[in-house]
Amino acid sequence: MDPVLIEAPSRDQRWDVWDQFKTHKGALAGAAVFFLIVVGVLFVPFVWRVSPTYIDFTTMNAGPSWGHPLGTDQLGRDLLARMMTGGRISIAVGLTAMVISICIGTLVGVLTGYFKSLDGPLMRLTELCLSLPVLPLLLVAVMLFRDAVASVLGPDLGSFILIVSIIGVMSWMGTARIVRGEVLAVKQREFVLASRSIGTPPHRIIFRHVLPNVMSPIIVSATLGIADAIITESVLSFLGLGFPPDFPTWGRLLYDGMGQMQVYPQLVLWPGIAISLTVLSVAYIGDGLRDALDPRLRR
């Protein structure tokens, strides 16, 4: 009798990535913590309907209670409501700035890696941007353009657009270098060389063959970029050059409570914990994705 060959159904590569990601306990814990933070800042305000801007001078600097689970600040405003509002803003800043930096970094990395004529000028520009001190430039840019942008778009929207734009424009260099190295390796593969030999235009090769094969480092860089953007925004707000005082972020809450942190430590304790947990969880997620998306590291 002839042997009967039974073809097993092809397994989706996404399941292989998930199976490898599950083996990284830190990444799973980070994903769970980040999910809880995002759900909390998005949906808790629908349950806890206290206004983050409501001032009650009779409850200034109060400790945790049933009426104020996290206490109040120096003006009697509820810290839980302000933490939820600040979390939405901080996470939105991280995501938006990450998208800007990933788009710029991927564009520069693909161009420098695929087109040899653009490699020299664009990489010199990347190295020049890497050599610049990021924090002083951010401070100068915010001080120079904050009032002009606020006069056109308003203080809240103007500050948001200005800060995320500056953070995104100043943080694309690492992604560009990583993507360039991956593109240099991918463009020497047989399927890319075959496409070039039959006259396929460069833009079709890039979108159909090169970009899909360099998505792994881009995704990992995106996750780490969220953490970097949140930290940068927190530093700007902590220095008093971020969002307006009535526009709470976690960094702004740290700045507001800095003067009374020795007497009322809860003013800086809660936003500090939120920033640390968010950044740490995103870092673990990026570490797990790096292992899961690299076939050489799969067990």
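Quick look at the structure, then. Each chain carries its own residue numbering, running from 1 in the direction its sequence is written. For this predicted model, a pLDDT threshold of at least 70 governs which residues receive local features, and a threshold of 80 or more governs which side-chain atom pairs are given and counted, while totals over whole chains, interfaces and linings are taken from all residues. Side-chain numbers come from the whole structure's heavy atoms, not from hydrogens or water.

With that settled, consider the overall build of the chain. The helix count covers DSSP runs of H or I at least four residues long, the strand count covers runs of E at least two residues long, and both are numbered beginning at the N terminus. Of regular secondary structure, the chain possesses 12 helices and 0 strands. Order of helices (α) and strands (β) in the chain, N terminus to C terminus: α-α-α-α-α-α-α-α-α-α-α-α. When its C-alpha atoms are laid out on the principal axes, the chain stretches across 85 × 60 × 30 Å. Long-range contacts, defined as pairs at least 24 residues apart, comprise 69% of the intrachain contacts of the chain with a sequence gap of at least 6. Here the chain has roughly 16500 Å² of accessible surface; of this, 69% comes from carbon and sulfur atoms. Averaged over its 23 positive side-chain charges, the chain has a centre that lies 6 Å from the centre of its 21 negative ones. In what follows, residue pairs with any heavy atoms lying within 4.5 Å of each other are defined as contacts. For the accessible areas, the method is Shrake-Rupley and the probe is 1.4 Å, while residue cover comes only from the protein chains on display. Only four residue types enter the charge count, namely Lys and Arg as positive and Asp and Glu as negative; His and the chain termini do not. Charge placement uses NZ in Lys and CZ in Arg. For Asp and Glu, CG and CD serve respectively.

The aromatic pairing rule takes the rings of Phe, Tyr and Trp, using the six-membered ring of Trp, and pairs them if the centres are within 6.5 Å, calling planes under 30 degrees apart stacked, those over 60 edge-to-face and the rest tilted. If you walk through the whole model with that rule in mind, you get 1 aromatic pair. Between the aromatic rings of tyrosine 114 and phenylalanine 115, the centroid separation amounts to 5.1 Å while the plane-to-plane angle is 80 degrees, which identifies the pairing as edge-to-face. For phenylalanine 115, a relative accessible area of 27% corresponds to the partly exposed category. Note on classification: 1.4 Å probe, protein chains only; a residue is buried when its accessible area is under 20% of the maximum for its type, exposed when over 50%, partly exposed between these limits.

Membership of the largest hydrophobic core comes to 43 residues, with the highest contact counts inside it found for Met83, Val183 and Trp250. Breaking this core down by element, the ones donating at least two residues are α2 (25-47), α3 (79-114), α7 (173-186), α9 (202-213), α10 (215-238), α11 (250-257) and α12 (266-293). In terms of residue count, the dominant contributor to this core is α12 (10 residues). Discounting chain neighbours no more than four positions away, the residues touching methionine 83 are Leu70, Trp250, Leu253, Trp270, Pro271 and Ala274. Ile89, Val93, Ile167 and Phe247 belong to the second-largest nonpolar core, a separate cluster that totals 19 residues. Residues grouped as a nonpolar core are buried Ala, Val, Leu, Ile, Met, Phe, Trp, Tyr and Cys residues, joined through side-chain atoms within 4.5 Å.

Here we take up the packing of helix α4 (residues 116-131) against α7. Only the stretch in contact is used when a helix axis is fitted, and all axes are lines through C-alpha atoms; the angle between N-to-C directions ranges over 0 to 180 degrees. Relative to each other, α4 and α7 sit at 145 degrees, their axes nearing to 9 Å. As α4 runs across α7, the sense of the crossing is left-handed. For the pair α4 and α7, the contacting residues are Asp119, Met123, Thr126, Glu127, Cys129 and Leu130 in the first and Met173, Arg177 and Arg180 in the second. Each crossing gets its hand from how the near helix is turned against the far one by less than a right angle, where anticlockwise is left-handed and clockwise is right-handed.

To estimate how far a helix should reach, multiply one less than its number of residues by 1.5 Å. With 23 residues, α2 ought to run about 33 Å at 1.5 Å a step, and its terminal C-alpha atoms sit 32 Å apart, in line with that. Valine 41 marks where α2 bends most, by close to 35 degrees; the proline proline 45 follows one to four residues later. Every buried residue of α2 is accounted for by Ala27, Gly30, Phe34, Ile37, Gly40 and Val41. Across the chain, bend at a residue is computed as the angle between axes fitted to the seven residues ending at that point and the seven starting from it.

This part takes up the environment of phenylalanine 247. Inspection of the secondary structure assignment puts phenylalanine 247 in the loop between α10 and α11. Take phenylalanine 247: its relative accessible area is 18%, and that puts it in the buried class. In sequence terms phenylalanine 247 and leucine 36 are 211 residues apart; their C-alpha atoms lie 23 Å from each other.

Our next topic: the packing of helix α5 (residues 134-153) against α10. Between α5 and α10, the shortest axis-to-axis distance is 11 Å and the interhelical angle comes to 60 degrees. In this view, α5 runs oblique relative to α10, as classed from their interaxial angle. Between α5 and α10 lies a crossing of right-handed hand. Facing α5, whose interface residues are Leu135, Leu138, Leu139 and Val142, α10 presents Thr232, Val235 and Leu236. Amino acid classes used here: Ala, Val, Leu, Ile, Met, Phe, Trp, Tyr, Cys and Pro are nonpolar; Asp, Glu, Lys and Arg are charged; the rest, including Gly, are polar. Looking at the contact of α5 with α10 residue by residue, the classes come out as 6 nonpolar, 1 polar and no charged. For classification purposes, angles smaller than 35 degrees are called roughly parallel, those larger than 145 roughly antiparallel, those between 65 and 115 roughly perpendicular, and all remaining angles oblique.

Before going further, it helps to spend a moment on the environment of histidine 68. Following the sequence through the fold, histidine 68 ends up in the loop between α2 and α3. In this structure, the C-alpha to C-alpha distance between histidine 68 and glutamine 188, residues 120 residues apart in sequence, is 61 Å. If we skip the residues at most four places from it in the chain, histidine 68 touches Thr59, Gly63 and Asp78.

Okay, the side chain of arginine 82 next. Mapping arginine 82 onto the fold places it in helix α3. With relative accessibility at 1%, the residue arginine 82 sits in the buried group. When near neighbours in sequence (up to four residues on either side) are disregarded, arginine 82 contacts Pro52, Asp73, Arg77, Pro245, Pro248, Leu253 and Asp256.

Two joining distances apply to patches: 9 Å for like charges and 5 Å for nonpolar side chains (Val, Leu, Ile, Met, Phe, Trp, Tyr), and every residue must have over 30% relative accessible area and no salt bridge. Each reported salt bridge corresponds to a side-chain nitrogen of Lys or Arg within 4 Å of a carboxyl oxygen of Asp or Glu. A contiguous nonpolar surface patch, about 490 Å² in accessible area, is contributed by Leu135, Phe238, Leu239, Tyr255, Met258 and Met261. Inspection of the secondary structure assignment puts leucine 239 in the loop between α10 and α11.

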